[in-house]
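Overview (structure and organization)
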Amino acid sequence: KLAALLGSMGTGSATNRVDLIARTIVVLEHLRSLNGKRRDEVVELKKKLEETQTALREASKKDMSGDALKPQEKVMMMVPMMVSPDHLQGG
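Before going into details, it helps to say that this report is about the structure given with it. Predicted model, so just to flag it, every value in this text is computed and none were measured.

Reading guide: rules and limits
- Residues numbered from 1 in each chain as written.
- Predicted model: local features only at pLDDT ≥ 70, side-chain atom pairs only at ≥ 80, totals over all residues.
- Heavy atoms only, no water.
- Helix = DSSP H or I, 4+ residues; strand = E, 2+ residues; numbered from the N terminus.
- Buried < 20%, exposed > 50% of the residue type's maximum accessible area, 1.4 Å probe, protein only.
- Areas by Shrake-Rupley, 256 points an atom, 1.4 Å probe, with all protein chains shown as cover.
- Salt bridge = Lys/Arg side-chain N within 4 Å of Asp/Glu carboxyl O.
- Polar contact = N/O pair within 3.5 Å; in protein donor to acceptor, adjacent residues only side chain to side chain.

For the rest of this paragraph, the subject is the overall build of the protein chain. Across its full length, the protein chain carries three helices and zero strands. Taken from the N to the C terminus, the helices and strands of the protein chain come in the order α-α-α. Burial statistics for the protein chain: of 91 residues in total, 3% are counted as buried. Only carbon and sulfur atoms are counted for the fraction: they give 60% of the accessible area of the protein chain, which is about 9100 Å².

Under the defined criterion, the tally for this structure stands at two salt bridges. Glu41 is the salt-bridge partner of Arg38, the closest N and O atoms lying 3.8 Å from each other. Here the residue Arg38 and the residue Glu41 both occupy positions in helix α2 (residues 17-65), the gap between them amounting to three residues, near one helical turn.

Attention shifts here to the environment of Thr52. Position of Thr52 among the secondary structure elements: in helix α2. A polar atom in the side chain of Thr52 sits 2.8 Å from the backbone oxygen of Lys48.

As structure tokens, this is what we get:
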């Protein structure tokens, strides 16, 4: 975008002070515009971050007040084993 703006001001290099000042103004205005967009983006991202952190805190409080405080039940698992018929008769 900036190259298009500068290109529209004339071809070649700036040869006098008026051209240099005009180009400088265009560049500064472009940078100011970008800076404003970035500032708005940062504000929006900060709001999203606060919302996410609040939701995380609420979810954490729910977990702490509910199931997380109960002792976990022990679970016993049965694992099938291959046993030869000789060991079954002797046991």
